[in-house]
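Per-entry structural report
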Amino acid sequence: MANSTVTAVKVGTPGPAGRTSPEGSQVLSKKKLQDLVREIDPNEQLDEDVEEMLLQIADDFIESVVTAACQLARHRKSNTLEVKDVQLHLERQWNMWIPGYGSDEIRPFKKACTTEAHKQRMALIRKTTKK
């Protein structure tokens, strides 16, 4: 599955609240959102405005992830969006890893450790700025 590709993306026309229409082109529908809420708490009922806001947030998140992943694909000089592009963006920007789509090609991103000399310099700077 790590070599899966997306060759076409259907884009709807902007509808109310900036979401695409028809509702069938949305990744998350109101019914799916209500089902997710019922899984967590069967007695919970979301307000209409809350549902709209959550759907908008989900659409914005998906749009931003796909846009960034497309930029990564272009950076690879590819016209095809691949799973590894989405994985890389989600891992680096959102610290998210999707189970079942693991790959040895993408390794966890770790910040370089600060050296002891750097820590001492920073302590000295903090000490002098307090005075």
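Quick caveat: nothing in here was measured; it's all calculated off a predicted structure. (Residues numbered from 1 in each chain as written. Predicted model: local features only at pLDDT ≥ 70, side-chain atom pairs only at ≥ 80, totals over all residues. Heavy atoms only, no water.)

On to a nonpolar patch on the surface, then. Together, Val50, Met53, Leu54 and Ile57 make up a nonpolar patch on the protein surface, roughly 340 Å² of accessible area in all. The topology assignment puts Val50 in helix 2 (residues 48–75). Exposure remark for Val50: the relative accessible area of 37% places this residue in the partly exposed category. (Patch = residues over 30% accessible without salt bridge, like charges linked within 9 Å, V, L, I, M, F, W, Y side chains within 5 Å. Areas by Shrake-Rupley, 256 points an atom, 1.4 Å probe, with all protein chains shown as cover. Salt bridge = Lys/Arg side-chain N within 4 Å of Asp/Glu carboxyl O. Helix = DSSP H or I, 4+ residues; strand = E, 2+ residues; numbered from the N terminus. Buried < 20%, exposed > 50% of the residue type's maximum accessible area, 1.4 Å probe, protein only.)

Running from N to C, helix 2 and helix 3 (residues 83–94) point in directions that differ by 115°, and their axes come no closer than 8 Å. Regarding helix 2 and helix 3, the two cross each other, and that crossing is right-handed. On helix 3, the residues touching Phe61, Ser64, Val65, Ala68, Ala69, Leu72 and Ala73 of helix 2 are Asp85, Val86, Leu88, His89, Leu90 and Trp94. Its residues placed into classes, the contact of helix 2 with helix 3 shows 10 nonpolar, 2 polar and 1 charged. (Axes fitted to C-alpha atoms, helices over the stretch in contact; angles between N-to-C directions. Left-handed = near helix turned anticlockwise from the far one by under 90°. Contact = heavy atoms within 4.5 Å. Nonpolar A, V, L, I, M, F, W, Y, C, P; charged D, E, K, R; others polar.)

Among the secondary structure elements, Ala73 is positioned in helix 2. In this structure, the C-alpha to C-alpha distance between Ala73 and Val83, residues 10 residues apart in sequence, is 9.9 Å. Ala73 has contacts with Ser78, Thr80, Leu81 and Asp85, leaving out every residue within four places of it along the chain.

Bringing the environment of Asp35 into the picture now. Looking at the secondary structure, you find Asp35 in helix 1 (residues 30–40). The exposure class assigned to Asp35 is partly exposed, which follows from its relative accessible area of 30%. Within the structure, Asp35 has its side chain in polar contact with the side chain of Arg38 (distance 2.9 Å). (Polar contact = N/O pair within 3.5 Å; in protein donor to acceptor, adjacent residues only side chain to side chain.)

Moving on to the pattern of salt bridges. Counted by the stated rule, this structure contains 6 salt bridges. One salt bridge in this structure joins Arg76 and Asp85, with 2.8 Å as the shortest N-O distance. Between Lys84 and Glu82 there is a salt bridge, with its nearest N and O atoms 3.8 Å apart. Three or more residues are tied together by salt bridges with common partners; here these are Lys30, Glu48 and Glu52.

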